[in-house]
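Examination of the molecular architecture
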Amino acid sequence: MSAKSQPSAPPARPPRATGRLWFFRLFTALVIPVFLLLLFEGGLRLVGFGQPANFLIPDKNPAYLRTNPGYISLFLPGSFDLRPLNYRIAAKKPANAVRIVVLGESAAQGIPVPSFAFAPQLRALLRARYPGKTIEVVNTGVVAINSHVVYQIARDVARYEPDLFVVYMGNNEVVGPYGPGCSYLSDMKPLWSIRLGLWIQKTRTGQFVSAGLAKLASFRSAPPEWGGMAMFMDHAVRGDDPRLQKVYQNFERNLRDIVRVASEAGAQTLLCTVVSNVKDCPPFLSLHRPDLTADQLASWQRAYDAGRVAWKLGETADARAALNQAWQLDPQYADTAFMLGDLDLQAGDVESARRWFLAAQKWDALRFRPDPRLNEIVRAVAGAFPGTRLVDTARELGSDPASTLPPAGRELLFEHVHLDWEGNHRLAQLMAAGAGAALFKDGSAAPPWLDSAGCAAALGYTPAERFGVLQRAALITRYPPFPNQLTYAFDQARAARELAAAQSIRRDPAALRRAQEVVTAALQQDPDNADLTKLAVELADDRGDLPGALEQVRRGQALQPDNFALIADEAIKLGRLGRHDEAEKRLLDVIRIASPRDQLKLSAVFADFYLRTKRYAEGRRWFDDAVIQQSKVPALRLFRARLEQASGELQQAERDYREMLALDPASDGGLEALVSLLTLEGRAREAEDLSVTYLGDQPGNQENQLRAARILEARGQPEAAAQALQAALHSGALPVPVHLHLVNLIYKKRRDAEVLDHLATAWRLATTEGDNETAASIRELIHRIRKEGTRP
């Protein structure tokens, strides 16, 4: 064979990679990115970027730990500024101490006044029962969180020698983070993904990425502010929503893991079912069943309107017949079930009433109350772990289907889930019994448990303190979604009467003196209680004892170091005592230690100081700098405008008021200040136009709504005036004549169903207030309209 015909050699193949080479490549692909991430993480920590990821962080005094004010911003938007309670505990648990950790949400924190909630009452009960022990109750409850965040908190605090975890949670499983009803983070991710995301948020790298994304978002719009329950109005979740099954699964898994965390830390656990107001809390949002036809809806509307009016008027037989007809047409409309429950309760059929009330709660599409399924999970988890104790507060206090007590209502709770003094006390008693059985050998020689009065004495809760409690509760119920409730007008009227009665006590010198004696005695028994010190400050203020108030504020600072609010309070009191140089020094001290967000809160204190001292030019310069640094913060312009107005610079003040309203159209303070300024300048027409212009932007500004209604009616616009009055009725209590005036405006429009409903509300209010003459005239008008029938 010739060379030409020789077959050519195959091309050489590259040598096959060995197993060792593949391992090296894989190792390089994984390790180098991890190494770079660790390097980046370390660099961020080295330069001080970010914040600690622990719930408790080192205090200035190395013997103590304190709550991390920025902890919740790791999980929720930082602009919400939701924080744990401010307190500190010993870094090393004292030898004779019992450390109890309370886990939960706002009800566990103790909204509206944490110092009177079940956690401090639990401590008072155990201190009195076991005087030889040092009782620590670490309250980790925070507004708006749910079991996803509570689990993270449990892991953080487990390292600090807890003896007992008390878990009271379940209210926010649907509306809290990762729930289907959450307004800002509603992705129904797998639990592993949620936990991975939360872990990443705890790293400085995660915080760096989050800060960058937030900065980019801020160029498009201002960061979201915490708006309370009103934020969730557009996030309805029906009672049969399939996403609820995932909520239940996540809740159970988080609860089980919390118990495991406690066990691994050597702590026992009390799992508590959660109490809700079923009797006196109508649904927040009722929705029709999806398959209701137009004809069925029309029939339902007629029956429902008639039933609602009859229910308000106390015409029980007619109300029952009409509402039953409405329920047959639409068994998912929550308000119908609530009214039928109320009728049964009035008739003495408690068990039927409870079933109706729980049906109303099930179909309430704004799920701010836990449904019974969550409490069933709590019971199941408690039974699955030996040594874990169940405290069945829902069953014991009347909000569970299996309860034998009357349905829970306003005798225990302020609104839907936040407990009044008596509700907190009954919870604390149940928890204390469980804690005593878990932690102590409870023999017959033990002192008796404190009763409600004994707990009140230990915590400084007196009739004089009731006003502050009711005032804070009223701030919750004034805003959406509460105005949507069937009983809103009646609840607001009752709350206004209670608030007025409590205020008269708070203004009584004898009541203040008795309260001061109670708080002084409590402080002698519990001198390191920062809450008692705060009460002493407030009482001294109200009694006009500014030196005494100043002394107590300084005492409080020793118990809560680096508390910017206490230092600011000291500055305010120094200013009112005429010690302006000292006041200014303390303000400058506090501004140095306060975070940027806290510095914004201090702007009101600075404005007060400069106004009080009439140092307007200095105040202007301070706020000029603040506005330059944070140009999108509306309140800074408001305070600067007040200084400008006080110094006679009215044009500049008007400019700032208008710029503030452009940034925040919902600002009541900005609108009222500008209306007042224009009125003082004799520009009444401009002031009126301003009121009307901002009517739709300020749903909670009742003063403006009433003013705009008068303006619109005077301008011959009765329909618009009626809408303004409707808005005012949804912003708080108003006297019966306002209700009747609205009736006059809409009567001419032949809206008889609406007229009858408003008249029924006015009749019930007049009857409650004992105005029999007005009530009789309203009844006569209702009779006449009904007799006329539906007008053409």
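Structural data are supplied above this passage.
In this report, we go over the structure that sits alongside the text.

It is worth spelling out the packing of helix 8 (residues 294-313) against helix 32 (residues 752-768) at this point. At a minimum axis distance of 8 Å, the contact between helix 8 and helix 32 shows a crossing angle of 15 degrees. Classified by the angle their axes make, helix 8 and helix 32 are roughly parallel. The way helix 8 lies across helix 32 gives a crossing that is left-handed. Two secondary-structure elements touch here, helix 8 through Asp305, Arg308, Val309, Trp311, Lys312 and Leu313 and helix 32 through Ala753, Leu756, Asp757, Ala760, Thr761, Trp763 and Arg764. Looking at side-chain class alone, the contact of helix 8 with helix 32 contains seven nonpolar, one polar and five charged residues.

As a further point, take the sheet that holds strand 3 (residues 88-90). Read across the open sheet, the three strands follow the order 1-2-3; overall the sheet is antiparallel. Of all the strands in the sheet, just strand 1 (56-58) and strand 3 have a single pairing partner and so form its edges. Going across the sheet, the axis of each strand differs from the next one's by a mean of 35 degrees, ignoring polarity. Here strand 2 (residues 64-67) runs beside strand 3; their pairing, made up of three bridges, is antiparallel.

A separate point is the environment of Ala722. Mapped onto the secondary structure, Ala722 falls in helix 30 (residues 718-729). Ala722 sits in the buried class, given a relative accessible area of 3%. The spatial distance from the C-alpha of Ala722 to the C-alpha of Asn744 is 9.2 Å, given a sequence separation of 22 residues. Sequence-distant contacts of Ala722, that is, excluding residues within four places in its chain, are made with Leu742, Leu745 and Ile746.

Outside of glycine, negative phi angles account for most residues, and trans bonds account for most peptide bonds. Here Ile111 and Pro112 are connected by a cis peptide whose omega angle stands at 15 degrees. By secondary structure assignment, the location of Pro112 is in the loop between helix 2 (106-109) and helix 3 (118-129). Across the junction of Pro480 and Pro481, the peptide omega takes the value 10 degrees, indicating a cis bond. Tracing the sequence through the fold places Pro481 in the loop between helix 16 (466-477) and helix 17 (488-506). In this model, Tyr178 sits at a positive phi of 70 degrees, which is unusual for a non-glycine residue. Inspection of the secondary structure assignment puts Tyr178 in the loop between strand 6 (164-168) and helix 5 (191-202).

As a further point, take a nonpolar patch on the surface. Taken together, the side chains of Phe40, Phe208, Val209, Leu213 and Leu216 make up a nonpolar region of the molecular surface, amounting to roughly 460 Å² of accessible area. Examining the composition of the nonpolar patch, we find that four residues originate from one element, helix 6 (residues 204-220), more than from any other. Within the secondary structure layout, Val209 lies in helix 6. The exposure class assigned to Val209 is partly exposed, which follows from its relative accessible area of 45%.

Applying the stated criterion across every chain, the model contains 25 aromatic pairs. Judged by centre distance (4.8 Å) and plane angle (75 degrees), the ring pair of Trp622 and Phe623 falls under edge-to-face. Against the face of Trp449 rests Arg129, its NZ or CZ located 4.4 Å from the ring centre.

Note on pairing: side chains with opposite charge can pair once their charged atoms come close. Counted according to the given criterion, the structure contains 68 salt bridges. Between Arg707 and Glu703 there is a salt bridge, with the nearest N and O atoms lying 3.9 Å from each other. Separated by four residues within a single helix, Arg707 and Glu703 lie in helix 29 (residues 702-714), roughly one turn from each other. Of the residues examined, Glu703 reaches a relative accessible area of 51% and is grouped as exposed. Connected via shared salt-bridge partners are Lys279, Asp280, Arg410, Glu411, Asp491, Arg494 and Glu498.

Parameters at a glance
Residues numbered from 1 in each chain as written. Predicted model: local features only at pLDDT ≥ 70, side-chain atom pairs only at ≥ 80, totals over all residues. Heavy atoms only, no water. Axes fitted to C-alpha atoms, helices over the stretch in contact; angles between N-to-C directions. Helix = DSSP H or I, 4+ residues; strand = E, 2+ residues; numbered from the N terminus. Parallel < 35°, antiparallel > 145°, perpendicular 65-115°, else oblique. Left-handed = near helix turned anticlockwise from the far one by under 90°. Contact = heavy atoms within 4.5 Å. Nonpolar A, V, L, I, M, F, W, Y, C, P; charged D, E, K, R; others polar. Pairing = 2+ DSSP bridges. Buried < 20%, exposed > 50% of the residue type's maximum accessible area, 1.4 Å probe, protein only. Patch = residues over 30% accessible without salt bridge, like charges linked within 9 Å, V, L, I, M, F, W, Y side chains within 5 Å. Areas by Shrake-Rupley, 256 points an atom, 1.4 Å probe, with all protein chains shown as cover. Salt bridge = Lys/Arg side-chain N within 4 Å of Asp/Glu carboxyl O. Phe/Tyr/Trp six-rings, centres within 6.5 Å; stacked < 30°, edge-to-face > 60°. Lys NZ or Arg CZ within 6 Å of the ring centre and 35° of its normal.

Honestly, that's just the spatial picture; any functional story needs more than this.
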